[in-house]
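Here are the chains, one letter per residue:
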Amino acid sequence: MAVLKIRNLGSVFFAISLIFNLFAIPCVSAHEKDDTREINPEEEAHVKQEVEAITVTAQKREENMQEVPLSISVLSGVQIEDAGIRKTEDFIHHIPNLYMGSPGSHNGSSWLNMRGISGIPADTSTNPAVGFYVDGVYYSGGFSTELVDIDRIEVLRGPQGTLYGRNTEAGVIHIITKKPGDHFEGKAAVTLGNYNTQDYSVSVSGPMIQDKVYFSLAGKYLVSDGYIDNRFTGNDKSNDMDDQNIRAGLRWTPTDTWDINFTTDFLRYRDGYDPFGPLNDIHTTSTDFKGNYDDQNAMGHNLKAEYTGSLFSLTSITSLRQWDEDLANDMDMSSTDLTRWYQELDFSTFSQEVRLASPEESGAVKWLVGSYYYNEDKSVDMIYDMRQGFPAWGLPPYKMLQDNDIDTSGYAFFGQATCTLFHRLDLTGGLRYDHTAKELKFKEYYDQDLSMFGMTPQNIKTDEEDYNEWLPKLALDYKWSPDFMTYISYAKGFKGGGFNIYSSSVAGTVYEPECSSNYEVGLKSSWLENRLTLNMAAFYIDWKDQQVFQFIGSSDMIISNAAESTSKGFEIELLARPVTGLELTAGFGYTNVEFDEYKKAEYDSDMTSPTYGQKTGERDLSGYTNSYVPEYTYDLAIQYRSLKGFFGRLELQGVGEYWFDGENSKKQDGYELVNARIGYETELFEVVLWGKNLFDKEYATLGIAPQMTTSGNQWTGAGGDPMTFGITLSKRF
């Protein structure tokens, strides 16, 4: 087990001890202060000392977060605004043991890693390990998105296959948007920042027919020059952004027992895509191709109908979602015109879920049963433009084109029940049967006749591949008091299999599902008259048939079930309000994950070699650390909001070292980020000065080995955001 090493460890312990010491300060409540200013309800919610109960739908019913035997992090709408969270990447550093690898902009190939369990950081045609949901709907395709009008974000750690199904082996991120009600409300905001960043957002909601019909409308428009400087072409706007998000909703409550919501959303992103530079100067690049871009379009429709009766509740969620991405970049990542890569992704997904659940006051047994169906069509088309060919072989410049169509359908039946065995002891059991069927059509061809070089068109149509899995869950929790609970749980993690598509030599070959056994113990507690909450969890994961990928040569990739791993670690989260207006949060996560068994095949990557792309041997990587797993993550924040309207917040976020490859040959050292916000707010308006990564720390979210490009012998990668700062003006109405 690796030794845990944290830079600035003293500051971490100082901050934690400060939280506890502050409780020795005599607390003055709002009504005891000599202040005659009238406090509106919104301000009162901001300054109250007690940590209010947080309601979550982690187990697909409304529950107090502190009573759910599961490791959950929740960011409320107020916390999202206070921390200045504007996009998916912004909340990642607030969640212990969560990491996001992103090649820049809102790229669809961004991927998530939780507790050391990750998807394959290659492409959205593969299966993710962390499920991404919005309002109960699973998002296929890109999830790196802008956020607007959010009620809360729930992050569920550990496998959630029993209730959520596919692609939730590591956990679930669930974003819940605000639901319109009987009160008319709205907000408009303008953010201006460095790199010529302009961010405009507006949201409005209210009744159309009092107590019956309500509407909501939210939109966001973002433009920015970006921060990547292409020193070869002279373009210092290589990752510029021009992004639009719109969401509209209608809500109908015909009776006291029915609640029907229809939402539709649309996004249009037009981003530059030139993210890869040397690791020692991560925000620069020297690619020759001026045509890099990443264009995305998505539209989704969601109908949710809920019935709440005295005997049971019924929920139906119907969803249709389409997402496409058109991408072009300099594949060799160098200033020499060698290779260019174009990719078009097109996803279309239909899903239907129906659930029956026991009523809220159901006595000693709470139960839930349901069914789920989905159909998903994926199209992955690629062009490899080999600008120089291979002169050593006499091969002229050419283009290789690939068309892939992946059809996936599936259904599931699931159920979960919680039974109170006696006064304080609850037993939760759940089971899901999950069926998935996949087919692949693969076509590879060239823009000219290259048969004399052994390069001929390929057409492959696979037989249907079926995957069937039982996904159990078992948890036991004991409530020692109304404010203190401990639990122990077991759950099976599962990620579906699929087809290789990136190399004609292996196209159509199957990689099988991977599974994991997950064991967790934890506690949830509230202290000092609910002015402090402290939650902890420890986990052990036995990971089998692990899907791993590697490059064969410079572009071809193969995925296989070649490894077994063990992941273990813990999370600690704390929220405290020791005195009026002061809030302190702390989160810490530690993960140690190693290959128990992994014999990695090695291939000839010399493009001038006659044996290029052929297997040359194996390397034993047993005992090595899995890639892209930070040793630790932490987030410390102190925030003060006065009754006079002044507001301030300071954050320290840390990420431990992580390796870019399974061979552990190159790593990103641990780093810290400092963020700050200061402002003034009233009932009607708000002005905030903010800064992120104030010390301009450079770090890489992705690292690419030299043999994967033709850019020489140096590692390249994509970097996290540099220092950004600006001002936000908001108006409520």
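Residues numbered from 1 in each chain as written. Predicted model: local features only at pLDDT ≥ 70, side-chain atom pairs only at ≥ 80, totals over all residues. Heavy atoms only, no water.

1. Quick word on the overall build of the protein chain
In terms of regular secondary structure, the protein chain is built from five helices and 43 strands. Out of the 733 residues belonging to the protein chain, those deemed buried represent 57%. Contacts spanning at least 24 positions in sequence make up 67% of the contacts within the protein chain whose residues lie at least 6 apart. Total accessible area computed for the protein chain in this model is approximately 30300 Å², and 56% of it derives from carbon and sulfur atoms. (Helix = DSSP H or I, 4+ residues; strand = E, 2+ residues; numbered from the N terminus. Buried < 20%, exposed > 50% of the residue type's maximum accessible area, 1.4 Å probe, protein only. Contact = heavy atoms within 4.5 Å. Areas by Shrake-Rupley, 256 points an atom, 1.4 Å probe, with all protein chains shown as cover.)

2. Let's talk about the pairing of strand S7 (residues 130–134)
Counting buried positions over the five residues of S7 gives five, a clear majority of the element. Covered by surrounding structure in S7 are Val-130, Phe-132 and Val-134 together with Gly-131 and Tyr-133, the residues of both alternating faces. When S7 meets strand S10 (residues 171–177), the two strands line up parallel, connected through five bridges. Bridge assignment links Tyr-133 to a residue of S10, and that residue is His-174. Across two bridges, S7 lies against strand S8 (residues 137–138) in antiparallel orientation. Considered in S8, the bridge of Val-134 is made with Val-137. Joining the antiparallel neighbours S7 and S8 is a turn of two residues, in which Asp-135 adopts a positive phi near 50 degrees. (Pairing = 2+ DSSP bridges.)

3. Comments concerning the environment of Thr-336
Counting through the fold element by element, Thr-336 comes out in the loop between strand S20 (313–330) and strand S21 (339–357). A C-alpha to C-alpha distance of 7.4 Å links Thr-336 and Thr-287, two positions 49 residues apart in sequence.

4. Describing the nonpolar core
Tyr-384, Tyr-398, Tyr-628 and Tyr-658 are the most contacted members of the largest nonpolar core, which has 49 residues in total. A per-element tally of this core places strand S22 (residues 365–386) first, with four residues. Grouped together as the second largest cluster of nonpolar side chains are 28 residues, Ala-83, Ile-117, Val-155 and Ile-175 included. (Core = buried A, V, L, I, M, F, W, Y, C linked by side-chain atoms within 4.5 Å.)

5. Here's the deal with the packing of aromatic side chains
Two aromatic rings, taken as a pair, are described by how far apart their centres are and by the angle between their planes. According to the stated counting rule, one finds 33 aromatic pairs in the structure shown. Taking the centre distance of 5.2 Å and the plane angle of 70 degrees together, the rings of Tyr-133 and Tyr-164 count as edge-to-face. Of the two residues, Tyr-133 is situated in strand S7 and Tyr-164 in helix H5 (residues 161–164); the sequence distance between them amounts to 31 residues. Take Tyr-133 and Tyr-164: they sit in the same class, and that class is buried. A ring pair is formed by Tyr-628 and Phe-660, whose centres lie 5.9 Å apart and whose planes are at 55 degrees; its orientation type is tilted. Of the two residues, Tyr-628 sits in the loop between strand S34 (615–620) and strand S35 (632–641) while Phe-660 sits in the loop between strand S37 (658–659) and strand S38 (667–668), which places them 32 residues apart along the sequence. The structure contains a cluster of three or more aromatic residues connected by ring pairs, namely Tyr-99, Trp-111, Tyr-628, Tyr-658, Phe-660 and Trp-715. (Phe/Tyr/Trp six-rings, centres within 6.5 Å; stacked < 30°, edge-to-face > 60°.)

6. What to know about the sheet that holds S8
Read from one edge to the other, the open sheet built from five strands follows the order S3-S9-S10-S7-S8, with strand pairing classed as mixed. Where the open sheet ends on each side, the last strands, each with one partner, are strand S3 (72–76) and S8. Here S3 runs beside strand S9 (residues 150–157); their pairing, made up of five bridges, is antiparallel. When the bridges of S9 are listed, Ser-73 appears paired with Val-155.

7. Here's the deal with a nonpolar patch on the surface
Together, Leu-421, Phe-422, Leu-427, Leu-474, Leu-476, Ile-488 and Val-521 make up an exposed nonpolar region whose accessible area comes to about 590 Å². Of all elements in the fold, only strand S23 (398–422) and strand S26 (465–481) reach the threshold of two or more residues within the nonpolar patch. The residue Ile-488 is located in strand S27 (residues 484–495) in this model. (Patch = residues over 30% accessible without salt bridge, like charges linked within 9 Å, V, L, I, M, F, W, Y side chains within 5 Å. Salt bridge = Lys/Arg side-chain N within 4 Å of Asp/Glu carboxyl O.)

8. So, unusual backbone geometry
Even without glycine at this site, Lys-60 takes up a positive phi of about 60 degrees. Structurally, Lys-60 is set in the loop between strand S1 (55–56) and strand S2 (63–64). Residue Lys-60 is classed as buried on the basis of its relative accessible area of 13%. The backbone phi angle of Met-333 is positive, close to 55 degrees, even though this residue is not glycine. When you line up the elements, Met-333 lands in the loop between S20 and S21.

9. Let's talk about the pattern of salt bridges
Counting across every chain of the model gives 43 salt bridges. Residues Arg-732 and Glu-81 are paired through a salt bridge, measuring 3.9 Å at the closest nitrogen-oxygen approach. Remark: Glu-81 occurs in helix H3 (residues 77–82) and Arg-732 occurs in strand S43 (residues 724–732); sequence separation between them is 651 residues. With its nearest N and O atoms 2.7 Å apart, the salt bridge here joins Arg-152 to Glu-154. For the pair Arg-152 and Glu-154, one class covers both residues: buried. One salt-bridge network, in which partners are shared between bridges, spans Arg-115, Arg-157, Glu-520, Glu-571 and Glu-573.

10. Notes on the sheet that holds strand S4 (residues 98–101)
The sheet built from three strands is open, its strands ordered S4-S5-S6 with antiparallel pairing. What marks the edges here is a single partner per strand, and that holds for S4 and strand S6 (117–118). Across four bridges, S4 lies against strand S5 (residues 111–114) in antiparallel orientation. Directly across from Met-100, in S5, lies its bridge partner Leu-112.

11. Digging into the environment of Asn-693
Among the secondary structure elements, Asn-693 is positioned in the loop between strand S40 (685–692) and strand S41 (700–704). For Asn-693, a relative accessible area of 4% gives the class buried. Distance in space between the C-alpha atoms of Asn-693 and Glu-651 is 9.7 Å, their sequence separation being 42 residues. For Asn-693, the residues in contact, after removing those within four places along its chain, are Leu-673, Val-674, Asn-675, Tyr-699, Asp-721, Pro-722 and Met-723.

12. Topic: the pairing of S5
One face of the sheet, then the other: side chains in a regular strand alternate in exactly this way. Burial of S5 is two-sided: the residues Trp-111 and Asn-113 facing one way and the residues Leu-112 and Met-114 facing the other way are all buried. Judged from the two bridges that link them, S5 and S6 form a sheet pairing that is antiparallel. Residue pairing across strands places Asn-113 opposite Ser-118, the latter belonging to S6. The hairpin formed by S5 and S6 contains two residues between the paired strands, and Arg-115 there has a positive phi angle of roughly 55 degrees.

13. Some points on the environment of Leu-147
For Leu-147, the position within the fold is in the loop between S8 and S9. Those residues in contact with Leu-147, other than ones at most four positions away along the chain, are Ile-85, Arg-86, Lys-87, Thr-88, Phe-91, Ile-153, Ile-175 and Lys-220.

14. Section: the side chain of Asn-97
Structurally, Asn-97 is set in the loop between helix H4 (88–92) and S4. Asn-97 gets classed as buried once you look at its relative accessible area, which sits at 5%. Among all residues touching Asn-97, those that are not within four sequence positions of it are Asn-113, Met-114, Arg-115, Phe-539, Phe-570, Glu-571, Gly-589, Tyr-590, Thr-591 and Thr-633.

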